[in-house]
Amino acid sequence: MIHRWLPLVSLVFLALATGASAAPRPPVVSKPVPYDSVVPAVASAVPAPGVTYEIAAATTIYGADAGVRDLLARQLRRATGFTLPVAPTPAAGIALLLSGSFGDEGYQLDVTAGGITIRASAAAGLFNGVQTLRQLLPPSIEASGRQPGPWPVQGGRITDHPRFAYRGAMLDVARHFFPVAVVERYIDEISSYKINHLHLHLSDDQGWRIAVESWPRLATFGGRSAVDGDPGGYYTKADYQAVVAYAVARNVTVVPEIDMPGHVTAALAAYPELTCDGRSPPLYTGTEVGFSSLCTRASTETFVRDVLTELAALTPGPYLHIGGDETESTKPADYAAFMDRAQRIVADLGKTPMAWHEVVNAPLQPGAVAQYWGTTREHPALAASTAKVILSPAGRAYLDMKYDSGTGLGATWAGTIEADAAYDWNPGRYLDGVDESRVLGVEAPLWTETITTIGDIEHMAFPRLPAIAELGWSPWSTHDWPAFSRRLAAQGPRWHTLGLDYHQSPQVPWPPGS
Ligand code: IFG
């Protein structure tokens, strides 16, 4: 039998003897990423065919704004392994310049064979330009360790700016608590798609998540519970300040929410004086809504003022969100009086009140913002009000809705939302009687009744959060599902490299390596 193998064996020896190796390894040619792969779609892109700049060992990153400059250097050093020194004054390589008039968050990105320049009027614009630049590099740039490269960037010019000023993501840290590190990773992920607000839902029936010195049991007792009896927790002031600092460095404004007068069982369990009958309910670990209410009497106002005063002092952003949703256990007249007073307290603290859209059933403070979460395209009271509007239509933007009937996590009360449904709506013309001029922007809430890990968060947020990010940033003229699905596909290898556990939507032509 061995005779049958002789020819093969001799062939192998012959090959080895003559040094003939396997087929030559194809050269690693990283074609530059095309400009139309970027999410959100940019306002204007003029590629220069055949022109590329290659980030290499000699590249320096320079610019006066050390924040964005040093953040970019850290991000690029990891995967390239290059030193990438930073400098405050011009040098060869990547320039981040504060010059010109590009609006609050706009930028201009120029790539020539000699270097890359990002110009902006403010650091926010430089940050946004850097997010675009990251997407113009090969997906392996997102790796946490050194990759072979090369690191070409398509030559040309991108001029870009947002359609809406408010592009938000909400994380419900009350139903389930998430440590600072998880919130910071989520900030990394949302800010890479130019989302610039993180709304933290800090209190609800199932838990109180922020330390309040004047009412300590809110967190120390009210923070013990979570849905299904899962581990509770809360942010100390230092924790919250760390999240805020991390967010600010990535052009993200934190919007804290204390949900009132409903969704308050954790607070009532901590302080019986907040109830009308003086008897605290037990801590709650279920998932019902609408059954709790603060006792809306004068003494409760002290509680509201104390809590919001401490929260305002920790929050550099302009908004305090006071909730106001699902108050079936509060009499309408009491609700109106309570929300009127709470908004005045927010305004007295120099902040702008934000609330769920039910707030239009109360007198509105000038400048108050209503967050629409309905499932229809009309809300007459909201249309008739003076409120500015943030759009979070539950059937489009609620990331806790299942993708389809096969999704393990999430709910279906507002329907199922696949990638195309998250994308195919126009925030500028969504609500009857609400003109685009009243629309501050969009926000994608992630409620966490069924969400317990960063993997769960990422599975529900990706690919739908980038869809909401594009609706908030890109000109409506770029709105096109087939093109967007290809742009989403280009994100797949990046998310794979990041170890981000996204939903491989069957609607998206994911490439190999996704
Ligand atoms: N509605 C409740 C949330 C949450 C959500 C889950 C709002 C404003 C259902 N209120 O959405 O607390 O339970 O999808």
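Residues numbered from 1 in each chain as written. Predicted model: local features only at pLDDT ≥ 70, side-chain atom pairs only at ≥ 80, totals over all residues. Heavy atoms only, no water.

### Comments concerning the overall build of the protein chain
Per the secondary structure count, the protein chain includes 15 helices and 17 strands. The C-alpha radius of gyration of the protein chain comes to 26 Å, within 12% of the 24 Å expected for a compact globule of 514 residues. Reported as C-alpha extents along the three principal axes, the dimensions of the protein chain are approximately 95 × 70 × 40 Å. Relative to its full complement of 514 residues, the protein chain shows a buried share of 57%. For the protein chain, long-range pairs separated by at least 24 residues make up 71% of all intrachain contacts whose partners lie at least 6 apart in sequence. For the protein chain, the computed accessible surface area is about 19,900 Å², with 58% contributed by carbon and sulfur atoms. (Helix = DSSP H or I, 4+ residues; strand = E, 2+ residues; numbered from the N terminus. Rg over C-alpha atoms; globule rule 2.2 N^0.38 Å. Buried < 20%, exposed > 50% of the residue type's maximum accessible area, 1.4 Å probe, protein only. Contact = heavy atoms within 4.5 Å. Areas by Shrake-Rupley, 256 points an atom, 1.4 Å probe, with all protein chains shown as cover.)

### Quick notes on the nonpolar core
In terms of nonpolar packing, the biggest core is built from 113 residues, with Tyr-186, Trp-208, Phe-303 and Leu-465 touching the most fellow members. Leaving out residues up to four positions away in the same chain, Leu-465 has contacts with Ala-169, Tyr-186, Ile-190, Ile-195, Leu-399 and Ala-444. (Core = buried A, V, L, I, M, F, W, Y, C linked by side-chain atoms within 4.5 Å.)

### Some details on the sheet that holds strand E4 (residues 93–98)
The 7 strands lie next to each other as E1-E7-E5-E6-E4-E2-E3, forming an open sheet whose pairing is mixed. The open sheet has two free edges, formed respectively by strand E1 (44–54) and strand E3 (86–87), since each of these has just one partner strand. The pairing of strand E2 (residues 60–63) with E4 spans 4 bridges and is classified as parallel. From the neighbouring strand, Gly-63 faces E4, where its bridge partner is Leu-96. Sheet contacts for helix H2 (residues 66–80): E2, E3 and E4; angle to E2, the most-contacted strand, approximately 165°. (Pairing = 2+ DSSP bridges. Axes fitted to C-alpha atoms, helices over the stretch in contact; angles between N-to-C directions.)

### What about the packing of helix H8 (residues 298–314) against helix H9 (residues 332–348)?
Remark: H8 packs on H9, axes separated minimally by 10 Å, with the N-to-C direction vectors making an angle of 35°. In the packing of H8 onto H9, the handedness of the crossing is right-handed. Contacts between H8 and H9 involve Thr-300, Glu-301, Val-304, Arg-305 and Leu-308 from the first element and Phe-338, Arg-341, Ala-342, Ile-345, Val-346 and Asp-348 from the second. A class-by-class count of the residues in the contact of H8 with H9 yields 6 nonpolar, 1 polar and 4 charged. (Left-handed = near helix turned anticlockwise from the far one by under 90°. Nonpolar A, V, L, I, M, F, W, Y, C, P; charged D, E, K, R; others polar.)

### Considerations on the environment of Leu-200
On the secondary structure map, Leu-200 appears in strand E9 (residues 197–201). The spatial distance from the C-alpha of Leu-200 to the C-alpha of Val-244 is 11 Å, given a sequence separation of 44 residues. In this structure Leu-200 touches Leu-171, Val-173, Val-183, Val-243, Val-254, Val-255, Pro-256 and Glu-257, once residues within four positions along its chain are discounted.

### As for the site of the ligand
Close to the ligand lie 13 residues; Asp-325, Tyr-398, Asp-400, Trp-413 and Glu-449 are nearest. In the model, an oxygen atom of the ligand is placed 2.9 Å from a nitrogen or oxygen of the Arg-175 side chain. Within the side chain of Asp-400, one N or O atom sits 2.6 Å away from an oxygen atom of the ligand. Considered on its own, the ligand offers 360 Å² of accessible surface; in the complex 95% of this is hidden by protein. Its residues assigned to classes, the shell around the ligand comprises 7 nonpolar, 1 polar and 5 charged. (Near = heavy atom within 4 Å. Polar contact = N/O pair within 3.5 Å; in protein donor to acceptor, adjacent residues only side chain to side chain.)

### A closer look at the packing of aromatic side chains
Tallied over the full model, the rule gives 21 aromatic pairs. When the centroid spacing of 4.9 Å and the interplanar angle of 80° are considered together, the rings of Trp-215 and Tyr-271 count as edge-to-face. In this pair, Trp-215 sits in the loop between strand E11 (207–208) and helix H5 (217–220) while Tyr-271 sits in the loop between helix H7 (265–270) and H8, placing the two residues 56 residues apart along the sequence. Clustering of aromatic rings is evident, with ring pairs tying together Tyr-193, Phe-462, Trp-495, Tyr-502 and Trp-510. Over the ring of Trp-473 we find Lys-194, and its NZ or CZ is 5.5 Å from the ring centre. Above the face of the Tyr-246 ring, Arg-250 is positioned so that its terminal group lies 3.5 Å from the ring centre. (Phe/Tyr/Trp six-rings, centres within 6.5 Å; stacked < 30°, edge-to-face > 60°. Lys NZ or Arg CZ within 6 Å of the ring centre and 35° of its normal.)

### Some thoughts on the side chain of Thr-330
Residue position: Thr-330 is located in the loop between strand E13 (319–323) and H9. At a separation of 2.7 Å, a polar atom in the side chain of Thr-330 contacts the side chain of Ser-293. When near neighbours in sequence (up to four residues on either side) are disregarded, Thr-330 contacts Pro-261, Ser-293, Thr-296 and Tyr-335.

### Describing H8
Between its first and last C-alpha, H8 extends 25 Å over 17 residues, near the 24 Å set by a 1.5 Å rise per residue. Considered for burial, the residues of H8 that qualify are Thr-300, Phe-303, Val-304, Val-307, Leu-308, Glu-310, Leu-311, Ala-312 and Leu-314. (Expected span 1.5 Å × (residues − 1).)

### As for the sheet that holds strand E14 (residues 352–356)
For sheets, the rule is that strands pair by backbone hydrogen bonds, running either parallel or antiparallel. The sheet built from 8 strands closes into a barrel, its strands ordered E8-E9-E12-E13-E14-E15-E16-E17 with parallel pairing. Geometrically, the sheet is characterised by an average inter-axis angle of 30° between neighbouring strands, direction not taken into account. Bridge count between strand E12 (residues 253–260) and E13: 2 bridges; the pairing is parallel. Paired with Glu-257 across the two strands is His-321, which belongs to E13. The strands touched by helix H4 (residues 180–191) within the sheet are strand E8 (166–172) and E9, with E9 carrying the most contacts at an inclination of about 150°.

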